[in-house]
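Coordinates in review
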Amino acid sequence: MKNVKVIEVEDYDGDADYNWEEGSVKIKEKIDRNIDVVFSSEKGYDPIFQELYPEATHILVDEKREHVPISATEIREKGVFQYWDYIPEVAKPYFVKKVVILGTESCGKSTLTRNLALMYNTTYVSEYGRDICEELGGCDGIMVDEDYPLIAYGHKLKEYKASKKANKIVFIDTEAAVTQFYSELYNRKTQRVLAEIARLQQYDLCLFLEPDVEWVDDGLRVHGEQQIREENNQRLKELLNEYGISFVSISGNYRERLEKAIELIGERVGV
């Protein structure tokens with residue numbers, strides 16, 4: 001609406017400790033002109049508004065909660081997921097929980113990511129590096145150093161797009177530390193840009209899949225010997241620890257991994 005201008009005034013206080021007077025000062029500074037009308041859905045705000053905005057008229061919007069049967073207080077007390085359908089679409093991505101699946105090749109990351117997305121009726125992010133490798137016909141000896149930062153950037157863009165359409169939670173197959181791992185594995189190079197991305201990224205839960213399921217040759221994988229799998233597994237854990245990425249290890253067959261993942265999501269993410 002061309003005649004409407006939205007101005008953001010941010011605060012971090014809760015209901016009990018919110019400073020109304022201080023808040024009104026911030027609002028007046030931001031608006032920087034006379035305030036003629038204040039809107040709310042609470043008749044009980046009349047006294048405080050008369051004190052803080054004496055020249056303004058207090059107009060009640062949906063006082064009986066007939067159109068929107070919730071309040072901001074209820075959302076804060078019970079959480080946004082309890083009232084997800086009433087949260088504006090533009091705000092939902094901010095609250096979406098991000099669960100990333102980590103591990104070396106052929107440990108079930110893609111399978112678990114897709115299955116979790118199906119079970120939670122939400123979006124997921126496939127491994128962008130794998131998509132690139134499939135286009136190239138392989139990675140070993142084909143990828144150049146410059147490809148890995150592009151993979152990390154492309155993957156983050158996919159995360160952003162998936163979060164915009166997610167239903168409370170989004171599942172992500174790998175991240176920047178794994179991209180760094182493959183840069184070391186295939187090109188013998190540790191890249192600073194990948195390290196910085198890995199340190200800056202934030203996830204609500206990181207699930208690390210141990211290489212104890214059968215290795216499957218899909219035409220792109222080249223490290224099937226169990227000793228090498230274990231060595232790669234250890235190196236990836238070292239990178240995660242170096243970048244300050246906390247993770248929970250999951251082992252067992254595919255069904256056990258899925259059940260454990262669901263359990264951890266319920267305990268640590270609350271979805």
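Shown above is the structure to which this text applies.
The notes below deal with the structure included here.

Conventions used here
Residues numbered from 1 in each chain as written. Predicted model: local features only at pLDDT ≥ 70, side-chain atom pairs only at ≥ 80, totals over all residues. Heavy atoms only, no water. Buried < 20%, exposed > 50% of the residue type's maximum accessible area, 1.4 Å probe, protein only. Helix = DSSP H or I, 4+ residues; strand = E, 2+ residues; numbered from the N terminus. Pairing = 2+ DSSP bridges. Patch = residues over 30% accessible without salt bridge, like charges linked within 9 Å, V, L, I, M, F, W, Y side chains within 5 Å. Areas by Shrake-Rupley, 256 points an atom, 1.4 Å probe, with all protein chains shown as cover. Salt bridge = Lys/Arg side-chain N within 4 Å of Asp/Glu carboxyl O. Lys, Arg positive; Asp, Glu negative; His and termini not counted. Charge placed at Lys NZ, Arg CZ, Asp CG, Glu CD. Contact = heavy atoms within 4.5 Å.

Once that is clear, we can look at the pairing of strand β6 (residues 205-209). The buried fraction of β6 is high, at five of five residues. Residues of β6 alternate between two faces, with Leu205, Leu207 and Leu209 on one and Cys206 and Phe208 on the opposite face, all of them buried. Here four bridges tie strand β3 (residues 97-102) to β6, and the two strands are oriented parallel to one another. Along β6, the bridge assignment pairs Val99 with Leu205. Across three bridges, the pairing between β6 and strand β7 (residues 248-250) is parallel. Paired with Leu209 across the two strands is Ile250, which belongs to β7.

A word on a negative patch on the surface. Together, Glu8, Glu10, Asp11, Asp13 and Asp17 give the surface a local cluster of negative charge. Considering the arrangement of structural elements, one finds Asp11 in the segment before α1 (20-31). We classify Asp11 as partly exposed; its relative accessible area is 38%.

This paragraph deals with a nonpolar patch on the surface. Together, Val37, Phe39, Ile59 and Val61 give the surface a local cluster of nonpolar side chains, amounting to about 330 Å² of exposed area. If you trace the backbone, Phe39 turns up in strand β1 (residues 37-40). Relative accessible area serves as the criterion here: at 54%, Phe39 is assigned to the exposed category.

Scanning the entire structure with this criterion turns up 15 salt bridges. In this structure, Lys26 and Glu22 form a salt bridge, with 3.8 Å as the shortest nitrogen-oxygen distance. Here Lys26 pairs with Glu22, and both are found in helix α1, just four residues apart, close to one helical turn. The partly exposed category is assigned to Lys26, whose relative accessible area is 34%. Here Lys237 and Glu210 are joined by a salt bridge, their closest N and O atoms 2.7 Å apart. Of the two residues, Lys237 sits in helix α10 (residues 226-242) while Glu210 sits in the loop between β6 and α10, which places them 27 residues apart along the sequence. Classification of Glu210 by relative accessible area gives buried; the value is 15%.

Tracing the chain through its elements places Asn233 in helix α10. Apart from the residues lying within four places of it in its own chain, the contact partners of Asn233 are Thr104, Phe208, Leu209, Glu210 and Pro211.

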